[in-house]
Amino acid sequence: MSESAVQIIARGPRAAAEAGAARLDADPALEGATYSILEEDEDRGVWRIDAFPTSREEADGVAATLREAGGLSVAVEDLADEDWLAMSLSGLPPVRAGRFFVYGAHDQGRVPPNAIPLRIDAGAAFGTGHHGTTVGCLLALDDLLKRRRFERVLDVGAGTGLLAIAADLSGSKVAVGTDIDGPSVRIANENAALNGSRARFVHASGLNHTAVRGQGPYDLVFANILAPPLVALAQDIRTALKPGGWAILSGLLRSQERRVTAAYLSRGFRLHRRIRRDAWSALVLEKMG
Ligand SMILES: C[S@@+](CC[C@H](N)C(=O)[O-])C[C@H]1O[C@@H](n2cnc3c(N)ncnc32)[C@H](O)[C@@H]1O
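Residues numbered from 1 in each chain as written. Predicted model: local features only at pLDDT ≥ 70, side-chain atom pairs only at ≥ 80, totals over all residues. Heavy atoms only, no water.

### Quick look at unusual backbone geometry
Part 1: With an omega dihedral of -5°, the bond running from Gly 216 to Pro 217 counts as a cis peptide bond.
Part 2: Considering the arrangement of structural elements, one finds Pro 217 in the loop between helix H7 (210-215) and strand S11 (218-224).
Part 3: In the Ramachandran plot, Asn 114 falls in the positive-phi region, its phi being about 75° despite a non-glycine side chain.
Part 4: In this structure, Asn 114 sits in the loop between strand S6 (100-103) and strand S7 (116-119).
Part 5: Accessibility expressed as a relative area gives 76% for Asn 114, which makes it exposed. (Helix = DSSP H or I, 4+ residues; strand = E, 2+ residues; numbered from the N terminus. Buried < 20%, exposed > 50% of the residue type's maximum accessible area, 1.4 Å probe, protein only.)

Structure (C-alpha cells):
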C-alpha cells in the first residue's frame, strides 16, 4: 500500500476499545496487523485504537472488524506520504526505561551519564521504545539484571532490534533476533551496527531458523508479539530455554494475561512478575528445573 497508506483511528469507552482489540487479535486474517490501544482522555473515559495497515485488504479488514465490535467511532485517514511512520514518530522524546535510554538522532547528546544508550531512529520497523509493550520488556530486563546476567539471549519478533541490542549492550555474550518481516530484519541489523552491538537478526517465523537453534539453549527469550502467537510459540520457547531460563512476553492486553499465562504455567513456567503499561501487560516467567 505505497502511495495510499492509511491510519485507522477508533475511539470509544474502554470496554468497546478492548473488545475491538480482542476481535483484531482473534481474526487469523489480521494476525500481522499492527495497532496500539491506549487511554486518550482519562477524564472523559475515551480509549483509542490506532492501526497501521500495510495493505488495502488489511485496512478494509481492520476497519470492518472495529465497526462490527460496536461502540467505537472508526475513522480511516489518508496518510499523504509513504514515509508516514517516520514522519509521525520524528521528534518523539527520548524514553528512559530503567538503565536504558532510547533516543533518536535529534536527541544525540542528551544521553544521561550511567544510562545505556540505545540509538533507534523512527522508521518502518516497530520498536522505538515509545510503545507500552516495548517499555514493559525493557523495564523487565532492567529489573532482572539487578540480580543476574544473561549470557545467551533470543528476541522473537525483534522489529527494530532494540531488545536484543539492549541485552548485548548490557553484557550478554550472544544476542540473536528473528522477525517475519524482511525489512525489519535489515533495519535491526543496521541498528545493531549503529549502536556498536554484536546482536544479529535473521528472517524467520517464530524460532524456526538454524541460527536460532545453533546459538541455543538460551538464558533469556523475549517475545513481544501478539497473544495468539505467544500461545502458539509456548512449547518452542520452552525448548529454546535452559532450565532456570527466563521468558519476557509482551504484546498481550491485560485482558489476555490469563490465557497466555496458562499456556506457559502448564509447560512448567512460574510467573515471576507482570508489568502493566496502558492496556498492555508484560509477563516475566521462569522455566523451572
Ligand atoms: C510489537 S513488534 C515488537 C518489536 C520489538 N521487539 C519491540 O519490543 O518493540 C512485533 C514484531 O514481531 C514480528 N512478528 C510477528 N509475528 C512474528 C512471528 N511469528 N515470528 C517472528 N516475528 C514476528 C512483527 O513483524 C514485528 O516486527
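### What to know about the packing of aromatic side chains
Part 1: Summed over all chains, the structure comprises two aromatic pairs.
Part 2: With a centroid separation of 5.4 Å and 70° between ring planes, the pair formed by Tyr 264 and Phe 269 is classed as edge-to-face. Taken as a pair, Tyr 264 and Phe 269 share a single burial class, namely buried. (Phe/Tyr/Trp six-rings, centres within 6.5 Å; stacked < 30°, edge-to-face > 60°.)

### A few points about the packing of helix H4 (residues 132-144) against helix H5 (residues 162-169)
Part 1: Where H4 contacts H5, the axes come no closer than 11 Å and their chain directions differ by 20°. In this view, H4 runs roughly parallel relative to H5, as classed from their interaxial angle. Judged by the twist between their axes, the crossing of H4 over H5 is right-handed. Residue-level inspection shows Thr 134, Cys 137, Leu 138 and Leu 141 of H4 in contact with H5, the latter providing Leu 162, Leu 163, Ala 166 and Ala 167.
Part 2: Among the residues forming the contact of H4 with H5, the class breakdown is seven nonpolar, one polar and no charged. (Axes fitted to C-alpha atoms, helices over the stretch in contact; angles between N-to-C directions. Parallel < 35°, antiparallel > 145°, perpendicular 65-115°, else oblique. Left-handed = near helix turned anticlockwise from the far one by under 90°. Contact = heavy atoms within 4.5 Å. Nonpolar A, V, L, I, M, F, W, Y, C, P; charged D, E, K, R; others polar.)

### Structural notes on the site of the ligand
Part 1: With respect to spatial proximity, 16 residues lie near the ligand, and among them Thr 134, Gly 157, Asp 179, Gly 206 and Asn 224 are the closest.
Part 2: With respect to the ligand, the backbone of Gly 157 contributes an N or O atom lying 2.8 Å from a nitrogen atom.
Part 3: Here a nitrogen atom of the ligand sits 2.7 Å away from a polar atom, N or O, in the main chain of Gly 206.
Part 4: Notes on the ligand: free accessible area 600 Å², of which the protein chains cover 84%.
Part 5: Considering only residue class, the shell around the ligand consists of seven nonpolar, seven polar and two charged. (Near = heavy atom within 4 Å. Polar contact = N/O pair within 3.5 Å; in protein donor to acceptor, adjacent residues only side chain to side chain. Areas by Shrake-Rupley, 256 points an atom, 1.4 Å probe, with all protein chains shown as cover.)

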